[in-house]
Amino acid sequence: MGIRFVLMVNKQGQTRLAQYYEYLTLEERRALEGEIVRKCLARNEQQCSFVEHRNYKIVYRRYASLFFLVGVDNEENELAILEFIHLLVETMDRHFGNVCELDIMFHLEKAHFMLEEMVMNGCIVETSKSNILSPIQLMEKAS
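Scoring rules and cut-offs
- Residues numbered from 1 in each chain as written.
- Predicted model: local features only at pLDDT ≥ 70, side-chain atom pairs only at ≥ 80, totals over all residues.
- Heavy atoms only, no water.
- Phe/Tyr/Trp six-rings, centres within 6.5 Å; stacked < 30°, edge-to-face > 60°.
- Helix = DSSP H or I, 4+ residues; strand = E, 2+ residues; numbered from the N terminus.
- Buried < 20%, exposed > 50% of the residue type's maximum accessible area, 1.4 Å probe, protein only.
- Salt bridge = Lys/Arg side-chain N within 4 Å of Asp/Glu carboxyl O.
- Pairing = 2+ DSSP bridges.
- Axes fitted to C-alpha atoms, helices over the stretch in contact; angles between N-to-C directions.
- UniProt positions renumbered as here; feature names shortened; annotations may be inferred.

Some points on the packing of aromatic side chains
When we look at a pair of aromatic rings, we describe it by the centre distance and by the angle of the planes. A full pass over the atoms with the stated rule returns 3 aromatic pairs. When the ring of phenylalanine 5 is compared with that of tyrosine 20, the centres are 5.7 Å apart and the planes differ by 40°; the resulting orientation is tilted. Here the residue phenylalanine 5 occupies a position in strand β1 (residues 3-10), and tyrosine 20 occupies one in strand β2 (residues 15-20), the gap between them amounting to 15 residues. Accessibility assignment for this pair places phenylalanine 5 and tyrosine 20 in one class, buried. The interplanar angle of 80° and the centroid separation of 5.2 Å between the aromatic rings of phenylalanine 5 and tyrosine 56 together place this pair among those described as edge-to-face. In this pair, phenylalanine 5 is assigned in strand β1 and tyrosine 56 in strand β4 (residues 56-63), connecting sequence segments 51 residues apart. The pair phenylalanine 5 / tyrosine 56 is uniform in exposure class, with both members buried. Members of the aromatic cluster, joined through ring pairs, are Phe5, Tyr20 and Tyr56.

Some words on the pattern of salt bridges
Evaluated as defined, the whole model comprises 8 salt bridges. Of the charged contacts in the structure, one is a salt bridge between glutamate 45 and arginine 62, with a shortest N-O distance of 3.9 Å. One end of the pair, glutamate 45, is in the loop between α1 (26-41) and β3 (50-53); the other, arginine 62, is in strand β4, and 17 residues separate them in sequence. Accessibility expressed as a relative area gives 71% for glutamate 45, which makes it exposed.

Here's the deal with the sheet that holds β4
Ordered by their spatial adjacency, 5 strands build an open sheet running β2-β1-β5-β4-β3, and the pairing between neighbours is antiparallel. Strands at the two margins of the open sheet, each flanked by one partner only, are β2 and β3. Between one strand axis and the next, the sheet turns by 20° as a mean value, whatever way the strands run. By the bridge criterion, 5 bridges tie β1 to β2 in an arrangement that is antiparallel.

Side note on the UniProt feature "domain: AP complex mu/sigma subunit" (unreviewed entry) in the protein
This chain's UniProt record puts "domain: AP complex mu/sigma subunit" (unreviewed entry) on residues 3-142. When the span residues 3-142 is considered, its composition is 47% helix and 26% strand, and the gap between its end C-alpha atoms is 32 Å.

Focus: the pairing of strand β5 (residues 66-72)
Most of β5 sits inside the fold, with 7 of its 7 residues counted as buried. For β4 and β5, the ladder comprises 7 bridges, and the chain directions are antiparallel. Its bridge partner being in β5, lysine 57 is matched across the sheet by valine 72. Between β4 and the antiparallel strand that follows it, β5, lie 2 residues; alanine 64 among them carries a positive phi value of about 55°.

Structure follows, in structure tokens:
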């Protein structure tokens, strides 16, 4: 399957965006998020950006005050997922202009839409920033 979930979390550990590509109950999601966020936020910048947790491999990266965490299968390429995270941030930067936590909070539907344009059923399907952003720009023109 590839990607199991994508989380965007602030430095205090509050989840700002969560997208799951497999079924988990709300309680399982809360427990998983709490464990992963505590584990990733406790690490320092000298440690690598990959953590194994349960049956997931967590690939994460910090941009300003936001942590982008992606849970993947153990067979997934970590460097490719780091590139995916960077592409997601660059795409959001292009749309919001230097994306920050408030952009995610106040435009959550746009952030989800970008993610849904890029990932379908846990597989990366689109990597072109202009193709990802064009439907959002069309919706903004129509409204």
